[in-house]
Amino acid sequence: MMGCCTVRPVPNFPVRALTSATSSTACSEIGGLVYASALAAHVGVLLALIREAGKLPPPTFSVTKYSSHISSSRKVREKRIEMERDVVCRGASVVVVDDVLTMGNTLFAVLQLLRKAGVDAEDVDGMVVAKFPFHRGRDLLRRLGFGGIKIQSLLVLGGA
């Protein structure tokens, strides 16, 4: 069983990923909330919540998030997610925090929201607890124009 999991020690993870230029963290729904809120509080930066449409006060930016066969047992194939318009400043440096990276659909939708807020992809880093390279989430991000995003993870499951 351990052959499918690589655990890499990362000193001071996740604080190491945050530079003095980082102005906020962002997380989508429940997956990254526990980690992102603790991280934002620890380093003293803003936390931008990204939620299902209709759960945040207006005005908001919204995009369509497509569900994968992995993360959704429901028949819903897509849903709108949103972020408050004024929560992240144009040109901000943002660390997106999530629990896992599999197909890449959630991270892609979050990157689209940040782009609408005026944050360039070069100013975004990703931080996940576990990634599953077998599901090719990084490949999806590359194909859709976000290949330069640096993503750190504690666990690599199912191969490197």
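Quick caveat, the model's predicted, so the values are computed rather than measured.

Trainee: Requested: an account of the overall build of the protein chain, with residues and values cited.
Mentor: When its secondary structure is counted, the protein chain shows three helices and eight strands. Moving toward the C terminus, one meets the helices and strands of the protein chain in the order β-β-α-β-β-β-β-α-β-α-β. Within the span of the protein chain, comprising 160 residues, buried residues form 43% of the whole. Long-range pairs, those at least 24 residues apart, make up 74% of the contacts in the protein chain between residues at least 6 apart in sequence. Of the roughly 8700 Å² that the protein chain leaves accessible, carbon and sulfur atoms contribute 56%.

Trainee: With reference to specific residues and values, describe the side chain of D98.
Mentor: Of note, D98 is situated in strand 6 (residues 94-101). Despite its burial, D98 pairs with no opposite charge; the closest candidate is K65, at 7.9 Å N-O. If near-sequence neighbours (up to four positions away) are discounted, D98 is found in contact with G31, G32, T106, M127, V128 and V129.

Trainee: Account for the environment of S67, with residues named and values stated.
Mentor: In this structure, S67 sits in the loop between strand 4 (60-66) and strand 5 (78-84). Classification of S67 as buried rests on a relative accessible area of 16%. With 39 residues separating them along the chain, S67 and T106 place their C-alpha atoms 8.1 Å apart.

Trainee: I'd like a description of the packing of aromatic side chains, backed by residues and values.
Mentor: Within the structure shown, the criterion is met by one aromatic pair. Aromatic pair F108 and F146: ring centres 5.8 Å apart, planes at 65°, arrangement edge-to-face. Of this pair, F108 sits in helix 2 (residues 105-116) while F146 sits in the loop between helix 3 (137-143) and strand 8 (150-157), placing them 38 residues apart in sequence. Here F108 and F146 have matching classes, each one buried.

Trainee: Describe the pairing of strand 4, with residues and values.
Mentor: Side-chain direction in a regular strand flips from residue to residue, so the side chains alternate between the two faces of the sheet. Burial runs high along strand 4: five of the seven residues are buried. As defined by bridge partners, strand 4 adjoins strand 5 across seven bridges and the pair is classed as antiparallel. Bridged to T64 within strand 5 is R80.

Trainee: Got a sec to walk through a nonpolar patch on the surface? Specific residues and values, please.
Mentor: Judged by side-chain polarity, I30, L33 and L49 come together as a nonpolar surface patch covering roughly 250 Å² of accessible area. Examined against the element boundaries, I30 turns out to sit in the loop between strand 2 (24-28) and helix 1 (33-43). Residue classification places I30 among the exposed residues on the basis of a relative accessible area of 61%.

Trainee: Which residues make up the pairing of strand 8, and what are the values?
Mentor: As judged from the six bridges shared by strand 7 (residues 124-131) and strand 8, these two strands associate in the parallel manner. Bridge pairing in strand 8 links K131 to V156.

Trainee: If you had to explain the environment of D123 to someone new, which residues and values would you point to?
Mentor: Turning to its location among the elements, D123 is positioned in the loop between helix 2 and strand 7. Judged by its relative accessible area of 29%, D123 is partly exposed. For the pair D123 and I149, spaced 26 residues apart in sequence, the C-alpha to C-alpha distance is 8.5 Å. With sequence-adjacent residues up to four places away left out, D123 is seen in contact with G91, A92, S93 and V94.

About the criteria used
Residues numbered from 1 in each chain as written. Predicted model: local features only at pLDDT ≥ 70, side-chain atom pairs only at ≥ 80, totals over all residues. Heavy atoms only, no water. Helix = DSSP H or I, 4+ residues; strand = E, 2+ residues; numbered from the N terminus. Buried < 20%, exposed > 50% of the residue type's maximum accessible area, 1.4 Å probe, protein only. Contact = heavy atoms within 4.5 Å. Areas by Shrake-Rupley, 256 points an atom, 1.4 Å probe, with all protein chains shown as cover. Lys, Arg positive; Asp, Glu negative; His and termini not counted. Salt bridge = Lys/Arg side-chain N within 4 Å of Asp/Glu carboxyl O. Phe/Tyr/Trp six-rings, centres within 6.5 Å; stacked < 30°, edge-to-face > 60°. Pairing = 2+ DSSP bridges. Patch = residues over 30% accessible without salt bridge, like charges linked within 9 Å, V, L, I, M, F, W, Y side chains within 5 Å.

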